[in-house]
Every structure is written in C-alpha cells, then in structure tokens.
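# Overview (structure and organization)
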Amino acid sequence: MSYPQYCPSPRELDDLELLTTGALVPIVAFNEPDSPVTLSLPGDVQAAAEIAGGVELVDPEGLPLARVSLPGGAVESLTHAQYGPFRRYYLSPEQVREQYPGRRVVPVVDALSEQQVAQLRGAGPVLLLAFVGTGTPDLTPTALIRATLAVAARLDYAAVVAVPLASRGDVTVDHALGAQVARTYAGDADVLALPDAADDATYAPEVAAIIEADQPGPEEQGLVLFFTGLSGSGKSTLAQALVDRILEQGTRTITSLDGDVVRRNLSAGLTFSKQDRETNIRRIGWVAAQISRHRGLAVVSPIAPFDETRQQVRAMVDEAGGAFFLVHVATPLEECERRDRKGLYAKARRGEIPEFTGISSPYEEPQDADVRVDTTGRTIDDALQDVIDALAEAGYLDLRTPPEVEQRGTHAGSAPAPLVEQGRAPATTARRNPVSDEASAPTEVEEGALAPVSKPLKVLFVCTANICRSPYMELAARHLAGNDPTLEFASAGTHGFTDEPMNQPMVEVLQPGTTGHDDFRSRRLTTAELEWADIVLTAEASHRQFILDDNPALFRKVFTLGQFIEAVADIGAGVHGRELLGQLQQRRGPATADLDVADPYRRGDKAARTAADHIDRLLRAAVAALSSAGKAT
C-alpha cells in the first residue's frame with residue numbers, strides 16, 4: 001500500500017532535516033514522549049496514514065523527502081534538501097566533526113556585536129553554529145548567515161555552519177533544545193555560549209549594513225492591508241479609497257487584490273462553497289505575502305469570515321517578513337442589509353443562497369484587528385480617516401496630509417487653442433483634446449447659448465471598438481446638451497480600431513439633427529484620455545473592469561452608464577455636475593451585467609435600434625444630471 005503524502009509546515013520541515021542528520025540526538029523520531037519535536041497531520045491524512053502504516057513527507061514542490069512510520073514516528077530519509085541560499089553551509093554533526101575536529105562550538109542566534117567578537121578573539125579555532133530555523137533568529141536566515149560570515153572573516157580560524165533549528169515559541173524549551181543540538185555538533189569539544197548583546201551594543205560596519213538592509217523600519221517594510229467585514233459593510237469601498245490615497249502620495253508601490261480580478265486570474269474554477277471561498281482567501285493571502293516579501297504593499301478586502309483563515313494569512317505574511325495590518329469594517333448587519341442593492345441578503349433569508357455570511361453562515365469578528373471602522377452614516381473620507389490615523393500611529397504609512405494639488409486653469413487674458421483633430425469636432429460644439437492640457441472653446445455661440453464656464457465637466461464614453469456604442473453615446477450626448485458649456489464629451493475603445501468611421505447601422509438610428517457622424521473617426525483608449533476625463537461611462541461592466549485592471553486608482557470615476565443612472569436615481573433630483581460626482585462616491589451601486597448596453601455590432605438593424613433606444617433613455621437622465629446649467633433636454 002502506498003503512503004499518503006503530506007507537505008509539512010516550515011517548522012516541521014526544519015525538524016525533519018535535523019532528525020535525518022542526527023542533530024537532535026537523543027531525539028530520533030517525531031512525537032516521542034514529552035518531546036517538543038512533533039508532526040501534526042490533518043485529519044484525513046492522519047486517518048489514511050494509520051491505515052497505510054506511515055506517511056510520505058514532501059517539500060513544497062512535491063519532492064519526496066522522507067517516510068515517517070505510524071505509530072512510532074520513525075523517519076526514513078529518501079533524499080535531502082539540495083537547493084536554497086547558502087546550502088553549502090548546512091552540514092550534519094558527522095560532517096562537522098570530520099571537517100572541523102576539536103573546534104569550540106559557538107551557538108549564534110543573532111548578529112554578533114563587536115563586544116561579542118572581542119570575546120571570541122582569544123577562544124582559539126571556533127565553529128560559529130548559526131541557528132537559522134523557523135522563528136529562531138530575529139534576522140532572516142540568509143541575513144544571519146551573511147552577518148556570521150562577515151564576523152568569521154575577521155577572526156583567525158573561524159568557520160560557519162547553518163543549522164535549521166526551529167523555535168517552539170517557549171523560551172525554556174528553545175534554550176534546552178539549542179544547548180542539546182550544540183552539544184551534539186561539538187562532540188568531545190567545548191561549547192562556548194556568548195552572553196546576549198547589550199542594548200547599546202555596537203556592530204562592525206559590514207554587519208550593521210546587513211542588519212539595516214534586513215530589518216527595515218515600519219515605513220519601509222512590506223505591508224499587507226487586510227480589510228474584513230460583511231457583504232455591504234463598505235470594506236471594498238474603503239480599501240479602494242485607501243489605494244487611491246496611497247497612489248496619490250506616490251511613495252509606495254501597491255497592488256490591489258480584490259473582487260472579479262482575483263476570481264478571474266487567480267481563483268478561476270473555484271465555486272462559492274465554504275471550502276472554495278476559504279481557498280480563495282488563502283490564495284489571495286499567499287500572493288499578498290509574496291508582495292510583502294519584496295517590500296511591496298498589498299491591499300485585499302475579502303469577507304474572510306473565519307478567524308482560522310485570517311490567522312493563516314497573517315502567518316504567511318509574518319513568514320515572508322512583512323507586516324499584517326487588519327482592518328475590521330464593523331458595519332452592523334442591519335445596515336449592510338439596508339444597503340443591499342443586489343438583493344443578496346433577501347435571497348439568503350429566503351434560502352436561495354446557501355452559506356451566506358451573516359445569515360446562514362457565521363462571521364467571526366476579529367479580536368486582533370488593528371482598527372475597527374463602522375461606516376454607518378459616514379462619508380468615505382470620514383471613515384477612511386480612522387484607517388489612516390491607525391496606520392500613521394503604527395508607523396507604516398503617514399497619509400494624514402494629502403499631497404499638494406496644482407490647480408491648472410486658463411490665465412486671464414489668454415484663450416485655449418481650439419482643437420482640430422481629424423475633423424471630429426462639430427462646428428458648434430466644444431471638443432476636448434485628451435492629450436493636451438486645455439479644452440477647445442465653441443467655435444460658434446448661437447443666440448441664446450449659455451454663458452461660458454471656466455471648467456466644464458469632461459465625460460468620456462467607452463465601448464470595445466469605438467465604432468458603435470461609444471460614438472453613439474458621444475454624439476447623442478452632445479446633441480442632447482446643445483450648447484451647454486458646462487459639459488464636454490469624448491469617446492474611445494478598449495480595443496478600438498484606429499481611424500475608422502462610425503458603424504453605419506448606428507449612424508442610421510441617431511436622433512434627427514444629430515451631427516458629427518460624417519467626420520467621426522475611432523481611436524483606442526489611452527492613459528491621457530482617462531486622465532483627461534472627470535467621469536468615464538462605459539457600455540458594459542467588462543469595459544469598466546478592463547480600465548480598472550490597469551488603473552485601479554480610477555475606481556472613483558469609472559462607471560457603466562447603467563450603473564451611473566441607478567446611482568443618480570438613488571441620490572435624487574437637484575444634485576448636478578461636480579456635486580453629483582462627489583455624492584456618487586458614497587452612493588454607487590455595483591456594475592452588474594444586467595445594466596449593460598448590449599453590443600449591436602454585426603447583429604442587424606434591430607439590434608442597432610435596441611441599443612440606440614437603451615442608450616437614449618439612459619443619456620437623457622445622464623446629461624441632465626451631469627449638466628451644471630440645467631439646460632439639457
């Protein structure tokens with residue numbers, strides 16, 4: 001019968017190596033009576049191993065390392081670790097006694113200070129035994145080996161050996177086990193235990209440089225910002241608002257791991273069962289931990305209802321050398337249900353959604369949150385300030401003073417140059433060049449036109465190819481707005497053709513009197529156009545996601561047209577222009593596929609008419625809401 005396989009924890013892998021090399025003698029097996037060297041198998045693996053009479057231990061890549069018999073815990077080595085930094089310094093006690101006979105053994109668990117080095121100078125030939133196991137040194141294992149090698153280079157007859165002795169989390173047990181391992185390596189030679197370095201100890205410049213590089217201050221450390229809370233609590237909104245603030249400050253690299261992007265690219269194939277949802281969180285946590293390992297900053301905002309899974313993510317981040325900052329968005333269930341625009345809570349209460357957190361599945365409130373935020377009745381900025389203050393107090397990020405923003409506008413006595421771009425701007429409309437800093441003025445002002453304004457609201461429509469829906473939206477919106485100087489319009493395509501005319505079936509369904517289609521030419525969406533726009537309205541949720549995948553900081557201004565109209569209806573009449581955009585940050589709903597404008601391309605005249613009618617209904621409300629002048633029809 002073949003043995004079931006199991007990949008041990010980092011501590012158990014360290015223990016396995018020491019058992020196979022004999023470094024833990026008299027301990028020679030896992031789970032001996034009263035031994036701190038233990039192996040804990042998951043329930044299903046334990047049951048299978050008991051039937052098979054043992055378990056096969058593998059490394060994280062699946063390479064079989066050893067067989068462990070059950071019962072008894074005896075270890076049969078199959079191979080040994082062959083790779084990893086400084087692997088040549090990992091020697092067994094037998095190899096040490098052969099290569100360095102009679103050397104005094106000096107256990108090392110931290111960088112050696114100049115005071116400690118002075119004690120070694122008269123000790124004769126020494127073997128510096130660097131304990132680099134999981135949780136033992138404050139430095140990373142590679143940094144401790146580098147620091148110990150730097151000291152050895154300054155001593156006569158000093159050698160370095162690395163020993164993966166892991167910590168048990170108990171000072172007394174760790175000290176006893178460390179002394180036992182040191183004695184095993186020393187054999188008949190002496191063991192020299194150095195006193196701990198004093199608080200005011202000094203270090204050689206090369207050692208100090210290693211310590212500084214390995215232990216950055218909190219403001220330079222890798223960081224995982226983990227938002228947890230019920231569906232509808234506001235965690236994703238707060239997380240994205242924080243991403244925006246960090247990007248605006250521009251001092252840290254940042255990765256947002258959230259929502260559909262993760263589901264599509266990292267967790268494709270997973271369902272919404274409890275097991276798969278927890279797997280999704282662990283995957284997010286692993287990626288976030290790797291980002292923190294390289295001193296990046298990751299922001300995640302899953303529901304993460306179970307403490308065990310959150311602790312697993314925390315452990316991953318700790319092991320990677322990053323910091324884990326937990327934000328509990330503690331908005332009450334009643335408020336989350338009140339905000340439920342998708343009707344998910346109602347479906348859960350009707351039993352239509354099984355294992356729904358807060359209704360049919362529990363949410364375990366974290367007891368170790370770094371900050372708790374209740375978003376009930378608060379603006380985004382107000383609630384976000386709680387997080388910003390907590391981050392500053394912890395020393396990780398100081399976002400309390402927003403960066404200076406240069407206010408750009410037209411100087412007195414100067415006029416912006418009109419835009420001439422492939423004939424796209426109709427003679428009686430304002431047309432913004434997204435790659436310049438100024439807007440074009442109307443080339444004609446008809447009788448009764450509204451007075452010009454200094455800063456019109458810039459609206460960018462986006463679809464796939466910029467030949468059907470988005471040009472229709474641009475031209476139809478301009479027709480509805482008339483000579484309203486408070487609005488400017490443009491359009492582009494996520495995968496747009498270049499310099500193509502508007503699709504003829506969509507031209508034919510434009511409202512009578514709409515102009516500009518003869519001169520229209522398509523273009524691809526660019527960063528400059530996104531920066532130009534005050535608001536981006538897309539035909540589909542997929543277009544919105546395409547933009548946010550590469551530009552997460554634009555979360556506050558990218559909507560589907562249908563999503564925008566639903567949010568406007570929720571806010572109510574009487575709020576227009578930039579005031580409306582401000583309120584949208586607090587009242588926006590989800591961009592669901594049922595709000596999309598269907599693609600009419602190559603689907604016949606009927607599909608074109610259906611799309612046009614849908615767009616016209618939405619645009620009448622959109623233009624009226626966006627206009628600060630109240631003249632749109």
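This text goes with the structure placed above it.
Read on for an overview of the structure.

This brings us to the nonpolar core. One finds Tyr472, Leu537, Phe564, Leu580, Leu619 and Leu626 to be the most contacted residues of the largest nonpolar core, which totals 47 residues. Mapped onto this core, the elements with two or more residues apiece are strand E13 (457-463), helix H15 (469-481), strand E14 (487-493), helix H16 (504-508), strand E15 (535-538), helix H19 (561-571), helix H20 (577-587) and helix H21 (604-626). When residues in this core are grouped by element, the largest group, ten residues, is from H21. Among residues more than four places away in sequence, those in contact with leucine 626 are Leu457, Val459, Leu487, Ile535, Leu537, Phe564, Gly577, Leu580 and Leu581. Of all hydrophobic cores here, the second largest spans 33 residues; its members include Leu18, Val37, Val68 and Ala186.

Spatially, four strands are ordered E1-E2-E3-E4 in an open sheet, and the strand pairing comes out mixed. Every other strand in the sheet has two partners, leaving strand E1 (5-6) and strand E4 (75-77) as the edge strands with one partner each. Here strand E2 (residues 54-58) pairs with strand E3 (residues 64-69) via five bridges, running antiparallel. Residue pairing in the sheet places valine 58 in a bridge with proline 64 of E3. In the packing of helix H1 (residues 10-21) onto the sheet, the strands contacted are E1, E2, E3 and E4, and the crossing angle to E4 comes to about 80°. Here helix H2 (residues 43-52) sits on the sheet in contact with E1 and E2, set at roughly 125° to E2.

Tracing the chain through its elements places threonine 514 in the loop between H16 and helix H17 (527-532). Put simply, threonine 514 and alanine 476 are 38 residues apart on the chain and 6.6 Å apart in space, counted from C-alpha to C-alpha. Sequence-distant contacts of threonine 514, defined by excluding residues within four places in its chain, comprise Leu475, Ala476 and His479. Reaching out from threonine 514, the side chain makes a polar contact with the backbone oxygen of glutamine 511 at a distance of 2.8 Å.

Where helix H5 (residues 141-152) meets helix H7 (residues 205-214), the axes come as close as 9 Å, and the angle between the chain directions of the two elements is 175°. Considered as vectors, H5 and H7 are oriented roughly antiparallel to each other. Residue-level contacts link Ala143, Arg146, Ala147, Ala150 and Val151 of H5 to Glu206, Val207, Ile210 and Asp214 of H7. For the contact of H5 with H7, the residue count by class is six nonpolar, no polar and three charged.

Taken N-terminus to C-terminus, the directions of H15 and H21 make an angle of 45°; their axes are 10 Å apart at the nearest point. Our classification of the angle between H15 and H21 gives oblique. Seen along the crossing, H15 lies across H21 with a hand that is right-handed. In contact with Arg469, Tyr472, Met473, Ala476, Ala477, Leu480 and Ala481 of H15, H21 contributes Ala612, Ile615, Asp616, Leu619, Arg620 and Val623.

We now examine the packing of aromatic side chains. Under the counting rule described, the total for this entry stands at six aromatic pairs. Ring centres of phenylalanine 325 and tyrosine 396 lie 6.1 Å apart, and the angle between their planes is 85°; this geometry places the pair in the edge-to-face category. Of the two residues, phenylalanine 325 is situated in strand E11 (residues 323-329) and tyrosine 396 in the loop between helix H14 (380-394) and E13; the sequence distance between them amounts to 71 residues. Note on tyrosine 396: relative accessible area 18%, which makes it buried. Note on phenylalanine 461 and phenylalanine 489: the rings are 6.0 Å apart at their centroids and 15° apart in plane angle, and the pair reads as stacked. In this pair, phenylalanine 461 sits in strand E13 while phenylalanine 489 sits in strand E14, placing the two residues 28 residues apart along the sequence. Here phenylalanine 461 matches phenylalanine 489 in class, with each residue buried. Against the face of tyrosine 90 rests arginine 87, its NZ or CZ located 4.3 Å from the ring centre. Over the ring of tyrosine 363 we find arginine 310; its NZ or CZ atom is 5.8 Å from the centre of that ring.

So, how was this worked out
- Residues numbered from 1 in each chain as written.
- Predicted model: local features only at pLDDT ≥ 70, side-chain atom pairs only at ≥ 80, totals over all residues.
- Heavy atoms only, no water.
- Core = buried A, V, L, I, M, F, W, Y, C linked by side-chain atoms within 4.5 Å.
- Buried < 20%, exposed > 50% of the residue type's maximum accessible area, 1.4 Å probe, protein only.
- Helix = DSSP H or I, 4+ residues; strand = E, 2+ residues; numbered from the N terminus.
- Contact = heavy atoms within 4.5 Å.
- Pairing = 2+ DSSP bridges.
- Axes fitted to C-alpha atoms, helices over the stretch in contact; angles between N-to-C directions.
- Polar contact = N/O pair within 3.5 Å; in protein donor to acceptor, adjacent residues only side chain to side chain.
- Parallel < 35°, antiparallel > 145°, perpendicular 65-115°, else oblique.
- Nonpolar A, V, L, I, M, F, W, Y, C, P; charged D, E, K, R; others polar.
- Left-handed = near helix turned anticlockwise from the far one by under 90°.
- Phe/Tyr/Trp six-rings, centres within 6.5 Å; stacked < 30°, edge-to-face > 60°.
- Lys NZ or Arg CZ within 6 Å of the ring centre and 35° of its normal.

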